[in-house]
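Topology and contacts: notes
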Amino acid sequence: MGFARACSVALVGVEGVVVEVQADLEPGVAAFTLVGLPDKSLVESRDRVRAAVVNSGAEWPQKKLTVGLSPASVPKGGSGFDLAVASAVLGAAERIDPAAIADVVMIGELGLDGRVRPVRGVLPAVLAAAEAGYRHVVVPEQTAGEAALVPGISVLGVRSLRQLIAILGDEPVPDEPVAEPGRPDTMLAGLLVPGAGIGTGLAAHAADGAGHRPDLADVAGQARARHALEVAAAGGHHLLLSGPPGAGKTMLAERITAILPPLSRQESLEVTAVHSVAGILPPGEPLISRAPYCAPHHSATMQSLVGGGNGLPRPGAVSLAHRGVLFLDEAPEFSGRALDALRQPLESGHVVVARAAGVVRLPARFLMVLAANPCPCGRHTLAGAGCECPPSAVRRYQARLSGPLLDRVDLRVEVEPVGRADLMGRGGRGESSAEVAARVREARERAAARLAGTPWSTNSEVPGHELRTRLVAAPGALMAAERDMERGVLTARGLDRVLRVAWTVADLRAADRPDASDIAVALELRTGIQRGVPMRAGAS
């Protein structure tokens, strides 16, 4: 009787559970039994592993073989267990030393010819292995860079099962052919879900390779909207842009990622882990350092926004936009259920999706930008434009954005039509994204220094209790906000959000704390009611 074990990782959402793969050989009729709550793709690994072992020059044991996946109560799926199953079987057959693989985490799919193919979710799997105390992992060579992002982990990248057997047995390592330069590598097919990048709007930066990136200087006029964009980026505040078609709402939203600061190391790991699980991690880019931009179509379902799918839920648009921007163009055209499902992640920074197969907690801390027309035809606010929508239709259209959802939006800006002078460039080009990004970065650094030692890093994350007790505004600064609250213009949540925006405005002008003018700017940005304070870049 022979016995050996190796380790792999089962992913539940973006969290991983280390699974012990045990192989047991006993005398009897040759058979291969796989137990431990595997799904269909994992059951099929029996045929893949057998063919890969034989084609790698090793002998398949002609005995009764039982492979168990422990803990058996955790659902397991995908082809990433192939490498661990093959190693455990070879260890039980004494082709390799069982002690050499006992504490090694192995992740990878096996082809019938013995090649090791990459799979999705390598980064969160290696993170889970590191948290469980493992220090050695074996992954496909194409994803070794992704696995190496986890500190304190020794990573071995292999191209084939033959190479792994030779390395574990101190034998000469055979060379494996690589893809010819200029030809696509078919081994990378397992890393990408077809259509995922386009379907979620994550392909917004595809033009970067052509040498052009959207710049704020391309936007004509819109000084107020540009200032709101700067405040939103500096504090992580949600933004609603409303106005007639052609005013530049989409142009503004597409340029907000250009003024956001680069992701920190921890944020990059979080974003990369989500994109790796979702199958949209760009090949050759193991670490995402820029804030993601996700713009789903208005026909998106609630499941595609918050997460769902068959079996265990998969990340939705709110998770793909984690630490970045979620842009909902034509927001009133989204279904009411889909929009209202955003309330929880807007407050908590994560989404909990419960299905019959299990409950998954997915990260979802994003900056939401909504774009909406004033009425179905879009000409309601234009003087002399001939809007023919009856008042009841205008009310129904605007009511599609529910009050509780709008109460979570910090900034609401009316985007005015662009005048001829601005469009023809007679007013001069506006500031570039680089100039605005420098001010945003300085404001974020001031907020981070003020919030050092707390769980928060941006003003939008600070709870209201802290704003009213520890981070106090200047004396008398809240008089206007308190009057609005008494009149019913502001809710209690709205007052907290006004305070957060005021702190961001104060950070942009390098003030120690917000004063009455900063509160006035925040109130105007939230309510749209003119307060008689000028709005210009970098100051209140």
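Rules used throughout
- Residues numbered from 1 in each chain as written.
- Predicted model: local features only at pLDDT ≥ 70, side-chain atom pairs only at ≥ 80, totals over all residues.
- Heavy atoms only, no water.
- Helix = DSSP H or I, 4+ residues; strand = E, 2+ residues; numbered from the N terminus.
- Buried < 20%, exposed > 50% of the residue type's maximum accessible area, 1.4 Å probe, protein only.
- Contact = heavy atoms within 4.5 Å.
- Pairing = 2+ DSSP bridges.
- Axes fitted to C-alpha atoms, helices over the stretch in contact; angles between N-to-C directions.
- Salt bridge = Lys/Arg side-chain N within 4 Å of Asp/Glu carboxyl O.
- Phe/Tyr/Trp six-rings, centres within 6.5 Å; stacked < 30°, edge-to-face > 60°.
- Parallel < 35°, antiparallel > 145°, perpendicular 65-115°, else oblique.
- Nonpolar A, V, L, I, M, F, W, Y, C, P; charged D, E, K, R; others polar.
- Disulfide = S-S within 2.5 Å.
- Left-handed = near helix turned anticlockwise from the far one by under 90°.
- pLDDT = per-residue confidence, 0-100.
- Core = buried A, V, L, I, M, F, W, Y, C linked by side-chain atoms within 4.5 Å.
- Arc of directions from axis to C-beta.

1. Structural notes on the overall build of the protein
When helices and strands are tallied, the protein shows 23 helices and 16 strands. Along the first, second and third principal axes, the C-alpha atoms of the protein reach 85 × 50 × 40 Å. Considering the protein as a whole, with its 540 residues, one finds that 50% of them fall into the buried category. Looking at the protein alone, contacts between residues at least 24 apart form 72% of all its contacts between residues at least 6 apart.

2. Quick notes on the sheet that holds strand β15 (residues 367-372)
Here we have 5 strands laid out as an open sheet, ordered β11-β12-β15-β10-β16, and parallel in their pairing. With partners counted over all chains shown, the strands left at the sheet margins are β11 (293-294) and β16 (411-414), one partner each. Of the strand pairs in this sheet, strand β12 (residues 325-328) and β15 are connected by 4 bridges, and their pairing is parallel. Directly across from Leu 328, in β15, lies its bridge partner Leu 370. Helix α9 (residues 223-235) contacts β10 (239-242), β15 and β16 of the sheet and is inclined by roughly 165° relative to β16.

3. As for the pattern of salt bridges
Summed over the entire model, instances satisfying the criterion amount to 31 salt bridges. Among the ionic pairs, Asp 407 bridges to Arg 526, the shortest N-O distance being 2.8 Å. Here Asp 407 is found in the loop between α17 (403-406) and β16, whereas its partner Arg 526 is found in helix α23 (residues 516-527), with 119 residues between them in sequence. Taking the shortest distance from any N to any O, the salt bridge between Arg 470 and Glu 466 comes out at 2.9 Å. The partly exposed category is assigned to Arg 470, whose relative accessible area is 44%. Overall, the relative accessible area of 18% leaves Glu 466 in the buried class. Taken together, the shared-partner salt bridges connect Glu 347, Asp 407, Arg 408, Asp 410, Arg 493, Arg 497 and Arg 526 into one network.

4. Quick notes on the packing of aromatic side chains
As enumerated under the stated definition, the model contains 2 aromatic pairs in all. Measuring from ring centre to ring centre gives 5.7 Å for Phe 32 and Trp 60, while their planes differ by 40°; the resulting arrangement is tilted. Taken as a pair, Phe 32 in strand β3 (residues 31-35) and Trp 60 in the loop between α2 (45-55) and β4 (64-70) lie far apart in primary sequence, 28 residues in all. Across the pair, Trp 60 and Phe 32 agree in class, each one buried.

5. Some words on the packing of helix α5 (residues 122-131) against helix α11 (residues 265-278)
Direction vectors running N to C along α5 and α11 enclose 120°, while the axes themselves pass 7 Å from each other. The orientation of α5 with respect to α11, classified from their angle, is oblique. Mapping the contact onto sequence places Val 122, Leu 123 and Pro 124 in α5 and Leu 269, Thr 272, Ala 273, Ser 276 and Val 277 in α11. Class assignment for the residues of the contact of α5 with α11 results in 6 nonpolar, 2 polar and no charged.

6. Focus on the pairing of strand β14 (residues 358-363)
Alternating positions in β14 separate cleanly, Gly 358, Val 360 and Leu 362 being buried on one face and Val 359, Arg 361 and Pro 363 remaining unburied on the opposite face. Of the pairings in the sheet, the one linking strand β13 (residues 350-355) to β14 comprises 6 bridges and is antiparallel in character. If you follow Arg 355 over to β14, its bridge partner there is Gly 358.

7. A word on the state of the cysteines
On inspection of all chains with the given rule, the structure shows 0 disulfides. Free cysteine: Cys 375, not disulfide-bonded; nearest cysteine sulfur from Cys 377 at 3.4 Å. There is no disulfide at Cys 389, and the cysteine sulfur nearest it, in Cys 377, is 3.6 Å away. Cys 389 sits in the buried class, given a relative accessible area of 19%.

8. Thoughts on the packing of α2 against helix α3 (residues 82-92)
Where α2 contacts α3, the axes come no closer than 10 Å and their chain directions differ by 60°. When the axes of α2 and α3 are compared, the pair comes out oblique. Considering how the two elements wind past one another, α2 and α3 form a crossing that is right-handed. Within the contact between the two elements, α2 uses Ser 45, Arg 48, Val 49 and Val 53 and α3 uses Asp 82, Val 85, Ala 86 and Leu 90. The residue makeup of the contact of α2 with α3, split by class, is 5 nonpolar, 1 polar and 2 charged.

9. What about the confidence of the model for the protein?
With 91% of its residues at a pLDDT of 70 or more, the protein has an overall mean of 88. Segment residues 197-201 is flagged for pLDDT under 50; beyond a separation of four residues in sequence, or across chains, it makes 10 contacts in the model.

10. A short note on the side chain of Arg 255
Its location among the elements puts Arg 255 in the loop between α10 (249-254) and α11. Setting aside anything within four residues of it in sequence, one finds Arg 255 in contact with Pro 214, Asp 215, Leu 216, Asp 218 and Val 219.

11. Quick look at the nonpolar core
The biggest cluster of nonpolar side chains holds 57 residues, and the ones touching the most others in it are Leu 239, Ile 256, Ile 259, Val 369, Ile 519 and Leu 525. The element contributing the most residues to this core is helix α22 (residues 492-508), with 8 residues. Excluding anything up to four places from it in sequence, Val 369 contacts Leu 239, Leu 241, Ala 253, Ile 256, Val 325, Leu 326, Phe 327 and Leu 328. Counting 39 residues, the second-largest nonpolar core is a separate cluster that includes Val 19, Leu 34, Leu 110 and Val 158.

12. Some words on the pairing of β10
For a regular strand, side-chain orientation follows a simple rule: the groups alternate between the two sheet faces. Going residue by residue along β10, you find Leu 239 and Leu 241 tucked away on one face and Leu 240 and Ser 242 tucked away on the opposite face as well. Judged from the 4 bridges that link them, β10 and β16 form a sheet pairing that is parallel. Note on β16: the bridge partner recorded for Leu 239 is Leu 411.

13. Considering α2
If you check which residues of α2 are buried, you get Ser 45, Arg 48, Val 49, Ala 52 and Val 53. The buried residues of α2 occupy one face: seen down the axis, they fall within an arc of 125°.

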